[in-house]
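# Structure at a glance
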Amino acid sequence: MLTIQKPEDRQTLKLSIEDMTCASCVRRVEKAIAKVPGVTDAAVNLATEKADVTFAGRPNVAAVADAVREAGYGVSEETLEFPVEGMTCASCIARVEKALKAVPGVIDATANLASEHARVRFLRGAVAFEDLAEAIEKTGYRAIRDTEAAAAPSDEERRAGEIAALRRSLIVAAVLTAPLFVMEMGAHAVPAFGHSIHDTLGMQASRVIQFVLATLVLAGPGLRFFRKGVPSLLRGTPDMNALVVIGTAAAWGFSTVATFAPGLLPGGTANVYFEAAAVIVTLILAGRYLEARAKGRTGEAIRHLAGLRATSARVLKDGEPVDVPLEAVVPGDIVLVRPGEKVAVDGEVTEGRSFVDESMITGEPMPVERKPGDSVTGGTMNTTGSFSFRATRVGADTVLSQIIRMVEDAQAAKLPIQALVDRVTQWFVPAIIAVALVTFGLWYVLGPSPELAHALVAAVAVLIIACPCAMGLATPTSIITGTGRAAELGVLFRQGTALQTLESTDVVAVDKTGTLTLGRPELTEIVPAPGFDRSEVLSLVAAAEVRSEHPIALAIHEAAKAEGLDIPAAEAFEATSGQGISATVSGRRIESGSVGFMAARGLDVAPFEREAERLAAAGASPLYAAIDGKLAALFAVTDPIKPTTNEAIAQLKALGVEVVMITGDNRRTAEAVAATLGIDRVMAEVLPDGKVAAVKSLAEGGRKKVAFVGDGINDAPALAAADTGIAIGTGTDVAIESADIVLMAGDMRGVATGIAISRATMRNIRQNLFWAFGYNVALIPVAAGVLYPAFGILLSPAIAAGAMALSSVFVVSNALRLKRFRPASAVAAQEARA
């Protein structure tokens with residue numbers, strides 16, 4: 001919980017602290033909090049597990065939370081995401097974020113123009129949704145409240161409604177603007193046409209008709225700009241709508257005076273610009289309509305994933321199959337799946353066999369057989385047979401729900417490259433208004449006759465041509481499209497920032513077992529020492545290895561079972577991580593492990609040296625066994641290389657990335673495997689706790705960016721230590737939770753795909769930013785009239801409106817090109833077929 005008090009100029013936060021157990025914990029937390037700048041007092045209560053923190057000024061919640069965590073204790077956080085209505089440009093984003101961050105208890109807040117959502121991170125229990133909604137509404141926008149969530153339309157429905165409304169407004173504006181444009185611009189383009197209008201209608205009647213048409217455009221389709229722009233001006237926080245309001249109102253107001261009270265204007269300046277005001281509204285509406293349609297396409301990946309969910313399930317109730325809503329399925333239910341049906345939730349097959357299309361998870365087009373004991377994933381498609389399964393994970397816990405959540409998290413991220421945009425947009429709109437005022441003044445003082453008319457045209461053009469919309473869309477549209485396309489290809493960015501860090505990867509460090517290899521080692525040979533029986537040694541070692549979770553232990557155990565050997569019970573089991581195991585079996589002491597493991601127990605493996613070299617040269621991993629303190633046998637275990645690994649390594653090399661294999665295998669075995677795969681650099685005999693040091697050494701003091709790829713529990717520290725951690729989706733949950741990126745299929749080609757799409761997305765973002773900034777840098781001076789002295793060119797406000805509308809459409813359309821991204825494997829396959 002969090003409460004705010006304000007005695008004089010001080011504020012006090014009351015926050016919950018986790019993991020405190022004694023008085024020394026209290027002192028450490030108090031000391032840590034007291035060091036935060038601005039904190040004047042900190043009092044921690046062990047009984048209530050709360051801290052009262054007093055600040056001199058505005059509370060720095062994030063700094064306090066970080067200080068508590070660095071001291072080794074916890075401060076619970078929550079993250080809330082919700083739609084925000086009314087955001088139209090980068091300035092809107094900056095204001096929404098600023099308002100949210102000012103709410104006491106909020107740690108961080110981001111808003112996304114492309115998805116029209118805000119995401120807020122705050123201390124658990126510290127902030128109510130109403131506090132956030134109120135802060136947003138004070139800035140002129142609207143948050144969709146929790147109480148409205150059920151009744152409110154979905155994001156897709158809201159976007160469809162917005163597109164429909166824009167289409168209607170555009171049609172009305174175009175119908176009203178067309179005759180106005182023809183009357184005014186046609187008269188300039190074809191003098192005979194102008195004379196005809198003047199002869200039949202008269203100049204004053206023509207202007208009154210234009211006034212009526214322009215007024216209808218501004219008061220009808222154009223009213224949306226005034227509803228948002230005028231309040232933002234009154235609050236002193238102008239946005240893109242405010243620029244449109246000022247520009248169109250200036251053109252319409254001047255023209256109205258020139259029509260009905262021309263005597264108020266200097267001689268020769270009573271010109272009308274009604275067509276400019278109407279055309280500006282029409283073209284900007286056209287741009288926003290096209291932009292809204294394009295933005296809707298950026299989120300297609302999420303909608304596609306959500307569409308994979310089943311809507312109901314056939315569950316056994318009292319022995320009878322009953323169709324129930326998906327939300328009614330609970331863990332433990334037995335679910336029936338018929339041919340052609342979707343698997344409703346995650347589970348384990350209990351009866352029947354079938355082939356299931358899992359391409360939405362693995363990317364592999366061929367259905368895979370599922371039989372009793374196998375796992376199935378919700379959202380996958382059953383093909384031929386029928387089966388039943390026991391539900392294990394439902395609702396938000398299913399793999400598909402987790403995938404959707406990962407993609408949404410990545411799409412909501414704000415990349416480091418966005419920092420420049422944020423700094424610029426804070427002052428962009430006020431700066432444009434200032435430039436327009438200066439432009440007006442210079443033209444009025446220094447311009448040719450009629451000075452006032454020229455000054456008005458130039459100032460309005462400056463206001464209209466500026467485009468913070470393109471700046472605000474440049475990054476999020478590319479992120480949404482890029483991460484969505486990556487998800488379709490089986491590459492999930494758990495951390496959105498990884499999209500930028502992965503791009504600059506110099507070295508990909510790869511764990512061998514389960515990553516380059518299938519992770520299912522096979523016992524291929526046993527060389528017993530003189531005096532030991534092969535079958536007896538295998539039986540005893542298999543018994544000792546039963547309690548080990550290492551893949552090699554499983555290979556030995558499976559080999560013993562396949563030979564029908566008796567496997568007695570083991571006692572006093574002990575494991576040394578990454579080296580070996582020991583146990584007592586049938587009263588005999590069994591030890592099994594690496595050269596180092598044996599050496600530590602005083603056992604010399606020299607008698608097997610020649611055999612070990614032979615096996616290692618063939619890529620097998622030598623493993624030694626001792627019985628009652630005597631060297632008993634040499635085991636050769638081979639972990640087959642995944643069929644796609646060679647192709648993946650070639651793709652990474654083609655991307656200019658160095659591939660390094662990190663393994664606990666002895667150097668000779670590791671180098672043999674590396675040579676087979678074309679890997680030039682090997683770090684062998686690395687124990688699990690040495691992988692972090694290995695990753696850090698590859699970084700060469702920060703000069704190189706390192707991505708680490710792994711799948712096991714012992715890979716988690718290295719995944720976290722690397723610049724980018726990439727987990728194989730078929731690996732352990734611990735590894736996945738430690739990674740920045742998850743490859744849904746157990747396929748190393750996903751690493752190359754991830755790097756390639758990261759580079760393509762970042763290149764796309766830079767193109768968008770270059771266009772957005774370059775457009776404004778180049779065209780604002782043109783609109784101000786910088787070309788007039790030399791070339792007599794003065795930009796029409798109508799042309800400025802068209803250019804502004806097209807800039808946003810260009811940015812979104814450019815981002816949508818990422819939907820056509822194809823991995824190198826798909827390109828190679830197409831070329832092979834051609």
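Counting starts from 1 at the beginning of each chain's written sequence and moves along it residue by residue. Thresholds applied to this predicted model are a pLDDT of at least 70 for local features of residues and 80 or more for the giving and counting of side-chain atom pairs; totals over whole chains, interfaces and linings are not thresholded and use all residues. Only hydrogens and water are set aside; all other atoms, that is, all heavy atoms of the structure, feed into the side-chain values.

Taking an unreviewed UniProt entry as the reference, the protein is identified by name as P-type Cu(+) transporter belonging to Mycoplana dimorpha. UniProt positions are given in the numbering used here, feature names are shortened, and annotations may be inferred rather than shown by experiment. Of the protein, the UniProt comment under Sequence similarities (unreviewed entry) reads exactly: "Belongs to the cation transport ATPase (P-type) (TC 3.A.3) family. Type IB subfamily." The annotation that UniProt attaches to the protein under Subcellular location (unreviewed entry) is "Cell membrane".

## Topic: the sheet that holds strand β20 (residues 570–576)
Taking strand neighbours across the sheet as the criterion, the six strands line up as β19-β24-β23-β22-β21-β20 in an open arrangement whose pairing is antiparallel. Either end of the sheet is taken by a strand with one partner, and the two such strands are β19 (522–528) and β20. On average, adjacent strands in this sheet sit at an angle of 20° to one another, irrespective of strand direction. DSSP calls a pair of strands paired once it identifies at least 2 bridges connecting them. Secondary structure follows DSSP: runs of H or I at least 4 residues long count as helices, runs of E at least 2 residues long count as strands, and numbering of each begins at the N terminus. By the bridge criterion, six bridges tie β19 to strand β24 (residues 630–638) in an arrangement that is antiparallel. Bridged to Leu523 within β24 is Val637. The convention used is that axes are lines fitted to C-alpha atoms, helices contributing only their stretch in contact, and that angles between N-to-C directions extend from 0 to 180 degrees.

## Looking at the UniProt feature "transmembrane region" (unreviewed entry) in the protein
If you check UniProt for "transmembrane region" (unreviewed entry), the listed places come out as residues 169–188, 208–226, 238–260, 272–290, 427–446, 452–475, 769–788 and 794–816 in our numbering. Summarising residues 272–290: 89% helix, 0% strand, and an end-to-end C-alpha distance of 30 Å. Segment residues 452–475 splits into 92% helix and 0% strand. End C-alpha atoms: 40 Å apart.

## Description of unusual backbone geometry
Residue Ser449 is joined to Pro450 through a cis peptide bond whose omega torsion reads -5°. Secondary-structure assignment places Pro450 in the loop between α15 (418–446) and α16 (451–465). With a phi close to 50°, Ser586 is a non-glycine residue in the positive phi region. With respect to the helices and strands, the residue Ser586 is situated in the loop between β21 (580–585) and β22 (588–593). Taking the relative accessible area as the measure of exposure, Ser586 reaches 56% and is therefore exposed. Under the scheme applied here, a residue whose accessible area is under 20% of the maximum for its type counts as buried, over 50% as exposed, and between as partly exposed, the area being computed with a 1.4 Å probe on protein chains only.

## Remarks on the pattern of salt bridges
A pairing counts as a salt bridge when a side-chain nitrogen of Lys or Arg comes within 4 Å of a carboxyl oxygen of Asp or Glu. What the rule picks out here adds up to 30 salt bridges. Ionic pairing is found between Asp66 and Arg69, a salt bridge with its closest N-O pair at 3.9 Å. Here Asp66 pairs with Arg69, and both are found in helix α2 (residues 61–70), just three residues apart, close to one helical turn. Residue Asp66 is classed as partly exposed on the basis of its relative accessible area of 42%. Of the residues examined, Arg69 reaches a relative accessible area of 31% and is grouped as partly exposed. Here Lys561 and Glu558 are joined by a salt bridge, their closest N and O atoms 4.0 Å apart.

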